[in-house]
Amino acid sequence: MASDSLFRIKVQNMSCGGCVGRVERALNALEGVSDVSVNLASEGAQMRLDRPERAGAAIAALKDAGYPPLQQSVRLTIENMSCGSCVGRVERALAAVPGVMGVSVNLATETASVTYAEGALGVSDLLRAAEEAGYPATLPDAAPPEEAGARKADEARGLARKAALAALLALPVFLLEMGAHVVPGMHALIGQTIGHHTSWLIQFALTTAILVGPGRAFYLRGFPALVRGAPDMNSLVALGTSAAYLYSLVALFAPGLLPEAARAVYFEAAAVIVVLILLGRWMEARAKGRTGAAIQRLLGLQARTARVMVDGEAQDVPIEEIGTGAILLVRPGERIAVDGEITQGSARIDESMITGEPLPVARTVGDPVIGGTVNGAGSFQFRATRVGADTALAQIIRMVEEAQGAKLPVQGLVDRITLWFVPAILALAVLTVLVWLLLGPAPALPYALVAGVSVLIIACPCAMGLATPTSIMVGTGAAAEMGVLFRKGSALQELSGAKTVALDKTGTVTEGRPALTDLVLATGWTRAEILGLVAAVEAQSEHPIADAILRAAEAEGAPRHDAHSFEAIPGHGARAQVAGRDVLVGSGRLMAREGLDPGALADAVADLAGRGRTALYAAVDGQVAAVIAVADPVKPSSAAAIRALRDLGLRVAMITGDQRETAEAIARETGIDEVIADVLPEGKVAAVEKLRTAGPVAFVGDGINDAPALAHADVGIAIGTGTDVAIESADVVLMSGDLRGVVNAVTVSTRTMRNIRQNLFWAFGYNVALIPVAAGVLYPAFGLLLSPVLAAGAMALSSVFVLGNALRLRRMRPQMPESAARTAPAIPQPAE
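Residues numbered from 1 in each chain as written. Predicted model: local features only at pLDDT ≥ 70, side-chain atom pairs only at ≥ 80, totals over all residues. Heavy atoms only, no water.

Section: the overall build of the protein chain
At step 1: Counting its regular elements, the protein chain contains 30 helices and 29 strands.
At step 2: Burial statistics for the protein chain: of 832 residues in total, 51% are counted as buried.
At step 3: For the protein chain, restricting intrachain contacts to residue pairs at least 6 apart in sequence, the fraction spanning at least 24 positions comes to 69%.
At step 4: Approximately 35,600 Å² of the protein chain is accessible, and the part contributed by carbon and sulfur atoms is 57%. (Helix = DSSP H or I, 4+ residues; strand = E, 2+ residues; numbered from the N terminus. Buried < 20%, exposed > 50% of the residue type's maximum accessible area, 1.4 Å probe, protein only. Contact = heavy atoms within 4.5 Å. Areas by Shrake-Rupley, 256 points an atom, 1.4 Å probe, with all protein chains shown as cover.)

In structure tokens:
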């Protein structure tokens, strides 16, 4: 942006002329901002800025005034990034574009996620900024996953070919030079046959072929980056190998410029360094391809075509052309293309990609179906309700991609270090050469060259740059295969530090639907008889307890009766005539009011109440005949999941609006440590805040009333079977309604963060330990000086170690072996 240039932006929340005035006053109050004009109809504001940097102040002022800019996001593919220093430079270049509000660059995925103020810039401005920084950017294409995977494989194969060619050319160079030093008599043999000068000429020719052939990318990228004042890993390799190569050229073609004792060639160092680094890059490329395996499997679940009914005929249509409302035909064994609702027929559908449950689910007219799931037996038609980017599978893929491209808080420090790492290494290499020239033994120049080149080559910002993002990619991918989706990458780090897991009760710990749990009979009555009579009375009621009794009666095949003379008794129960009998259903107060003695059944009521059940009496013709208990049953897996969370060292609390007696009973049954009961929906945030006094809190919920607590907690975890509002408020989504997913999420978070710490320890420890060795600190005491060739091998090994360690996370399995995920992964392999 030129000086005193026009800056435009879209503004939210303006509803009247008063808003316009407030926006204008907020902008006019800024230094360097002039000619402010705000338009309510277009929701736009434009102004002149004396410097591009003022754009950030304008955006901040609008936020403070309550009128934040409209935001847009774009994901770019970035080329030429080779190390952590590149990440920092790309971020700075993109962040400097006026209107950019946030940038996250990921070395492992070679992408940049940019959030910017709508209207302030175009994507072309971002592409230009990246290009000018030396890292060309493009918009990722929408190629099928097979093509994307093929491109990655082609990249790895290309590097393998370069490494193989370089190795073939370098082998004679290595044998001629190192063999003469190591193999007894070989030095004399070379002198008696081809001669040492000819040997050097052969080495020169082969090394030159390596540098201008397989290794030229290091120089085409490294030297321009150096000229721009933004050196990267390629710059270190280019400088190191060039120094060895140029010194050897002088020794070969102008030996008079060097002292006689210093006349030696280092062609083998330049050649083998290129070979080893190309080999390392090839191994990196292969490993990077495997880190994105989860996304590839997810993409592989998407159907490419579908059969759409047109004028009663089924026609194959590309999935991109399917619109909402289209009627699709699905035959046995076919993958469902988009989300929809069955309009004709029935089927049993494998939904393990969503729920993790291996058994097919019966679906019939009116039931929903999910794109990516597989039809088993039966043919059906369904109406498309969500297509394209709106399908559940597309949203899952987007969530995983966003999590994999996220930057954890721990990465901030790493980025700051790696941004200055390469310039610091260059300075250290220069200092190393000077120290050796001044203090080193004669001939000092070769010693200085070897030490300086070793320092340049052994330094590895690649490992530091890859340490965090590769672990994130593999960890979140493994989590997705368990049905755990990290919507926000930062949750991966924050969940590992949680001290308390707070659970909503209804729908989270319990099924969320009352059910008949107990039926205690007086002498002379049968279960079916009582259920039939009580169900007839409750059929006239709309109470949730009535629904539970009716479902139980239907499931058990109890006799059906019609009820007459129905009378609701508020606060007590109900009465009706059923099959010629007077049936009374209600509380103990109702029995007392009618003068009925429950007898021994009173003890059963007390016991059931102590276990958190809602107990009712049933009386027939003036005699108490049964006690009926209804409760929201605890999910079968809840107790085991809570026990597993406690075994992980977490305190488990439950926050509920239910009365304390019921909540305490469930806590005893499941092993919950602390209960906060009688909480209104708006009080859940205060309850989370109370729990936070003991450390970070992860809150698990599923309902609309849980959304504020999910958003307020350090980590919000939504049960995937819950409401959309809850899911949108959460940081982590469990695709099934199973609390075991919380255990898996915590385990993934803990293991991924441990893996990241291991990677960072290795990456930083490697550099701290070996750079001084390369500089020659061990030479005065032990006479040891690291060869540039060994330095290159160690550098390549460092990056490969980090990637290999991250890939270990692919072997993670669900923490609880009794989970259905044990037998069927949440994301099945796509059909061949």
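Side note on the pairing of strand β22 (residues 581-586)
The two faces of a sheet get side chains in turn, since along a regular strand they alternate between them.
At step 1: Both strand β21 (residues 573-578) and β22 contribute to a ladder of six bridges, which runs antiparallel. Among the inter-strand pairings, Gly573 is bridged to a residue of β22, identified as Gly586.
At step 2: Where β21 folds back on β22, the antiparallel hairpin that results is connected by two residues, among which Ala579 adopts a positive phi of roughly 55°. (Pairing = 2+ DSSP bridges.)

A closer look at the UniProt feature "transmembrane region" (unreviewed entry) in the protein chain
At step 1: In the UniProt entry, the feature "transmembrane region" (unreviewed entry) is given for residues 159-180, 200-223, 235-258, 264-282, 417-439, 445-467, 760-779 and 785-807.
At step 2: Within the segment residues 235-258, helix and strand shares are 79% and 0% respectively, and the terminal C-alpha atoms sit 26 Å apart.
At step 3: In residues 445-467, helix accounts for 91% and strand for 0%; the two terminal C-alpha atoms are 36 Å from one another. (UniProt positions renumbered as here; feature names shortened; annotations may be inferred.)

What to know about helix α23 (residues 638-647)
At step 1: All of the buried residues in α23 are Ser638, Ala640, Ala641, Ile642, Ala644 and Leu645.
At step 2: Its buried side turned inward, α23 meets β18 (500-504), α18 (505-509), β25 (651-655), α24 (660-670) and α28 (740-775).
At step 3: Remark: Gly649 follows α23 within two positions and exhibits a positive phi of approximately 90°.

As for the sheet that holds strand β9 (residues 313-318)
At step 1: Spatial strand order, β9-β8-β10-β16-β11-β14: six strands in an open sheet with antiparallel pairing. On the outer flanks of this sheet lie β9 and β14 (368-369), each paired with one strand and no other.

Points about helix α30 (residues 788-807)
Side chains that are three or four residues apart share a direction in an α-helix, a result of its 3.6 residues per turn.
At step 1: Its 20 residues place the ends of α30 29 Å apart at the C-alpha level, agreeing with the 28 Å of an ideal helix rising 1.5 Å per residue.
At step 2: In terms of burial, α30 is a largely internal element, 15 of the 20 residues being buried. (Expected span 1.5 Å × (residues − 1).)

Here's the deal with the sheet that holds strand β23 (residues 614-620)
At step 1: In spatial order, the strands read β19-β24-β23-β22-β21-β20; together these six strands make up an open sheet with antiparallel pairing. Two strands close off the open sheet at either side, each with one partner strand: β19 (515-521) and β20 (563-569). Neighbour-to-neighbour, the strand axes of the sheet open up by a mean angle of 20°, direction not taken into account.
At step 2: Alignment of β20 against β21, held across five bridges, turns out to be antiparallel. Bridge assignment links Ile569 to a residue of β21, and that residue is Gly573.
At step 3: Across the sheet, helix α22 (residues 601-610) is in contact with β19, β23 and β24 (623-631); its angle to β24 comes to roughly 10°. (Axes fitted to C-alpha atoms, helices over the stretch in contact; angles between N-to-C directions.)

Thoughts on the side chain of Ser242
At step 1: The topology assignment puts Ser242 in helix α9 (residues 233-253).
At step 2: Accessibility expressed as a relative area gives 15% for Ser242, which makes it buried.
At step 3: For Ser242, the residues in contact, after removing those within four places along its chain, are Tyr219 and Phe223.

Some details on the pattern of salt bridges
At step 1: Counting across every chain of the model gives 20 salt bridges.
At step 2: Among the ionic pairs, Asp50 bridges to Arg54, the shortest N-O distance being 2.9 Å.
At step 3: One salt bridge in this structure joins Arg386 and Asp339, with 3.2 Å as the shortest N-O distance. A residue pair is termed long-range when its members are at least 10 positions apart, and Arg386 in strand β16 (residues 380-386) and Asp339 in strand β11 (residues 339-345) qualify at 47 residues.
At step 4: On the basis of relative accessibility, which here comes to 36%, the residue Arg386 falls in the partly exposed class.
At step 5: The network of salt bridges with common partners includes Arg575, Asp582, Arg593 and Glu594. (Salt bridge = Lys/Arg side-chain N within 4 Å of Asp/Glu carboxyl O.)

Considerations on the environment of Ser5
At step 1: Its place among the elements puts Ser5 in strand β1 (residues 5-10).
At step 2: The class for Ser5 is buried, based on a relative accessible area of 11%.
At step 3: For Ser5 and Met47, which are 42 residues apart along the polypeptide, the C-alpha to C-alpha distance reads 8.3 Å.
At step 4: The contact partners of Ser5, leaving out residues within four places of it in the chain, are Met47, Arg48 and Leu49.

A short note on the packing of aromatic side chains
Where two aromatic rings form a pair, the distance of their centres and the angle of their planes describe that pair.
At step 1: Applying the stated rule across the entire model yields 12 aromatic pairs.
At step 2: Ring geometry for Tyr245 and Phe267: centres 5.9 Å apart, planes at 65°, overall edge-to-face. Pair noted here: Tyr245 is in helix α9 and Phe267 is in helix α10 (residues 267-291), with a separation of 22 residues, a long-range link.
At step 3: By the ring-pair criterion, three or more aromatic residues cluster together here, those being Phe204, Tyr245, Phe253 and Phe267. (Phe/Tyr/Trp six-rings, centres within 6.5 Å; stacked < 30°, edge-to-face > 60°.)

A look at the packing of helix α8 (residues 216-227) against α9
At step 1: Put simply, α8 and α9 touch, their axes get as near as 7 Å, and they point 105° apart. The angle between the axes of α8 and α9 places the two elements in the roughly perpendicular class. Contacts between α8 and α9 pair Phe218, Tyr219, Arg221, Gly222, Phe223, Ala225 and Leu226 from the former with Asn234, Ser235, Val237, Ala238, Leu239, Thr241 and Ser242 from the latter.
At step 2: Partitioned by chemical class, the residues of the contact of α8 with α9 number eight nonpolar, five polar and one charged. (Parallel < 35°, antiparallel > 145°, perpendicular 65-115°, else oblique. Nonpolar A, V, L, I, M, F, W, Y, C, P; charged D, E, K, R; others polar.)

Structural notes on unusual backbone geometry
At step 1: Each neighbour pair has its own omega, and for Ala442 with Pro443 the value is -10°, a cis peptide bond.
At step 2: One non-glycine residue, Asp35, lies in positive phi territory at about 50°.
At step 3: Positionally, Asp35 belongs in strand β2 (residues 33-39).
At step 4: Take Asp35: its relative accessible area is 54%, and that puts it in the exposed class.
At step 5: With a phi close to 50°, Asp621 is a non-glycine residue in the positive phi region.
At step 6: When you line up the elements, Asp621 lands in the loop between β23 and β24.

Focus on a positive patch on the surface
At step 1: The grouping of Arg751, Arg754, Arg757, Arg808 and Arg811 at the surface amounts to a positive patch.
At step 2: Structurally, the position occupied by Arg811 is in the segment after α30.
At step 3: We classify Arg811 as exposed; its relative accessible area is 57%. (Patch = residues over 30% accessible without salt bridge, like charges linked within 9 Å, V, L, I, M, F, W, Y side chains within 5 Å. Lys, Arg positive; Asp, Glu negative; His and termini not counted. Charge placed at Lys NZ, Arg CZ, Asp CG, Glu CD.)

Considering the environment of Val743
At step 1: Looking at the secondary structure, you find Val743 in helix α28.
At step 2: For Val743, a relative accessible area of 0% puts it in the buried group.
At step 3: Between the alpha carbons of Val743 and Leu648 there is a distance of 8.6 Å; along the sequence they are 95 residues apart.

Points about the nonpolar core
At step 1: Among the nonpolar cores identified, the biggest contains 140 residues, and Met81, Leu126, Phe486, Leu495, Ile717, Val732 and Val742 are the most heavily contacted of them.
At step 2: The dominant element in this core, judged by the number of residues it contributes, is α28, at 13 residues.
At step 3: Excluding its chain neighbours within four sequence positions, the residues that come into contact with Val742 are Val501, Leu645, Val700, Ile717 and Leu734.
At step 4: By size, the runner-up hydrophobic cluster in this structure holds 43 residues, among which are Val534, Ala535, Val585 and Ile628. (Core = buried A, V, L, I, M, F, W, Y, C linked by side-chain atoms within 4.5 Å.)

So, the environment of Leu329
At step 1: Here Leu329 lies in strand β10 (residues 327-330).
At step 2: Residue Leu329 is classed as buried on the basis of its relative accessible area of 16%.
At step 3: The residues touching Leu329, leaving out its near neighbours within four places in the chain, are Arg307, Met309, Ala314, Glu334, Ser379, Phe380 and Gln381.

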